[in-house]
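Spelled out from the first residue to the last, the chains are:
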Amino acid sequence: MRYHNITKTDMLNGDGLRVVLWFAGCSHKCRNCQNPITWDPEGGLPFDEDARQEIFEELDKEYISGITFSGGDPLYTGTRDGLLELVKEIKAKYPKKTIWLYTGYLWEEICNLELMRYVDVVVDGRFVEELKDNNLPWRGSSNQKVIDVKMSRELGKTVLYE
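Structure report, in brief. Bear in mind the structure is a predicted one, so any value in this text is a computation, not a measurement.

Parameters and conventions
- Residues numbered from 1 in each chain as written.
- Predicted model: local features only at pLDDT ≥ 70, side-chain atom pairs only at ≥ 80, totals over all residues.
- Heavy atoms only, no water.
- Helix = DSSP H or I, 4+ residues; strand = E, 2+ residues; numbered from the N terminus.
- Rg over C-alpha atoms; globule rule 2.2 N^0.38 Å.
- Buried < 20%, exposed > 50% of the residue type's maximum accessible area, 1.4 Å probe, protein only.
- Contact = heavy atoms within 4.5 Å.
- Lys, Arg positive; Asp, Glu negative; His and termini not counted.
- Charge placed at Lys NZ, Arg CZ, Asp CG, Glu CD.
- Salt bridge = Lys/Arg side-chain N within 4 Å of Asp/Glu carboxyl O.
- Pairing = 2+ DSSP bridges.
- Core = buried A, V, L, I, M, F, W, Y, C linked by side-chain atoms within 4.5 Å.
- Polar contact = N/O pair within 3.5 Å; in protein donor to acceptor, adjacent residues only side chain to side chain.

**Focus: the overall build of the protein**
Here is step 1: Across its full length, the protein carries four helices and seven strands.
Here is step 2: Listing each helix as α and each strand as β along the protein from the N terminus yields β-β-β-α-β-α-β-α-β-β-α.
Here is step 3: Relative to a compact globule of 162 residues, whose C-alpha radius of gyration would be 15 Å, the protein shows 15 Å and is just as compact.
Here is step 4: The principal-axis extents of the C-alpha atoms in the protein amount to approximately 40 × 35 × 30 Å.
Here is step 5: The burial tally for the protein puts 47% of its 162 residues in the buried class.
Here is step 6: Partitioning the contacts of the protein with sequence separation of at least 6, the portion at a separation of at least 24 is 56%.
Here is step 7: Of the charged side chains in the protein, 21 are positive and 27 negative; the average position of the first set lies 3 Å away from that of the second.

Okay, here's the thing in structure tokens:
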């Protein structure tokens with residue numbers, strides 16, 4: 001698992017004040033992506049114990065609402081196993097903090113992944129330049145959905161996060 005950056009006190013990538021882990025690796029390669037440097041799965045840095053501790057030090061702060069995984073794509077094939085272990089650890093250690101995940105995959109393609117048992121909100125779908133809308137909260141184009149994962153699981157249908 002590789003990453004490009006850990007952003008502290010971010011207010012743009014989810015609800016509240018958040019830590020953001022920017023993953024390396026993306027196969028979607030959306031036209032006019034805001035982070036094309038993150039596409040290369042061999043780019044960035046190896047996710048090691050120092051990076052894990054940096055995230056935990058931020059999550060220890062009471063005013064931090066949670067963590068957001070972005071990239072690249074956190075669900076890039078080579079990243080999924082490492083991410084699953086990390087989200088399990090975060091949920092166990094910080095049960096009141098929320099986990100957001102941005103992905104180019106559609107909810108219907110990923111809703112049954114074990115990882116989704118630990119994620120609170122998913123922003124799904126590829127960025128589509130023709131549908132770009134700067135007025136949408138937490139997403140770049142109108143085809144993307146902001147999904148309340150817990151409610152979607154409980155009700156058995158897609159529930160949008162408000």
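**Some remarks on the pattern of salt bridges**
Here is step 1: Counted according to the given criterion, the structure contains nine salt bridges.
Here is step 2: Across the pair Lys-61 and Glu-58 runs a salt bridge, and its minimum N-O distance is 2.9 Å.
Here is step 3: According to the relative accessible area criterion, Glu-58 is buried, its value standing at 6%.
Here is step 4: Among the salt bridges present, the one from Asp-120 reaches Lys-91, with a minimum N-O distance of 2.8 Å.

**Notes on the pairing of strand β6 (residues 121-124)**
Here is step 1: Every second residue of β6 is oriented toward a common face, with Val-121 and Val-123 on one face and Val-122 and Asp-124 on the other, all of them buried.
Here is step 2: Taken together, the three bridges between strand β5 (residues 98-102) and β6 define a ladder with parallel strand orientation. Within the sheet, the bridge partner assigned to Leu-101 lies in β6 and is Val-122.
Here is step 3: With four bridges connecting them, β6 and strand β7 (residues 145-148) associate as antiparallel partners. By the bridge assignment for β7, Val-121 is matched with Asp-148.

**Focus on unusual backbone geometry**
Here is step 1: At Thr-9, a residue that is not glycine, the phi angle is positive and equals roughly 50°.
Here is step 2: Looking at where Thr-9 falls in the secondary structure, it is placed in strand β1 (residues 2-10).
Here is step 3: Phi is positive for Trp-138, close to 65°, though the residue is something other than glycine.
Here is step 4: Of note, Trp-138 is situated in the loop between β6 and β7.

**Brief notes about the nonpolar core**
Here is step 1: In this structure, Leu-21, Ile-55, Leu-59, Phe-69, Ile-90, Leu-115 and Met-116 are the most contacted members of the largest nonpolar core, which totals 32 residues.
Here is step 2: Mapped by element, the contributors of at least two residues to this core are β1, β2 (18-23), α1 (49-59), β4 (66-70), α2 (80-93), β5 and α3 (107-110).
Here is step 3: When residues no more than four places from it in sequence are discounted, the contact partners of Leu-115 are Leu-75, Leu-83, Leu-84, Val-87 and Leu-101.
Here is step 4: Among the nonpolar cores identified, the runner-up in size contains five residues, and Trp-100, Val-121, Val-123 and Val-146 belong to it.

**Things to note about the side chain of Arg-52**
Here is step 1: Inspection of the secondary structure assignment puts Arg-52 in helix α1.
Here is step 2: Within the local environment of Arg-52, its side chain forms a polar contact with the side chain of Glu-89, the two groups lying 3.0 Å apart.
Here is step 3: Setting aside residues up to four positions removed in sequence, Arg-52 forms contacts with Phe-47, Leu-86 and Glu-89.

On their own, these measurements won't tell you what the molecule is for.
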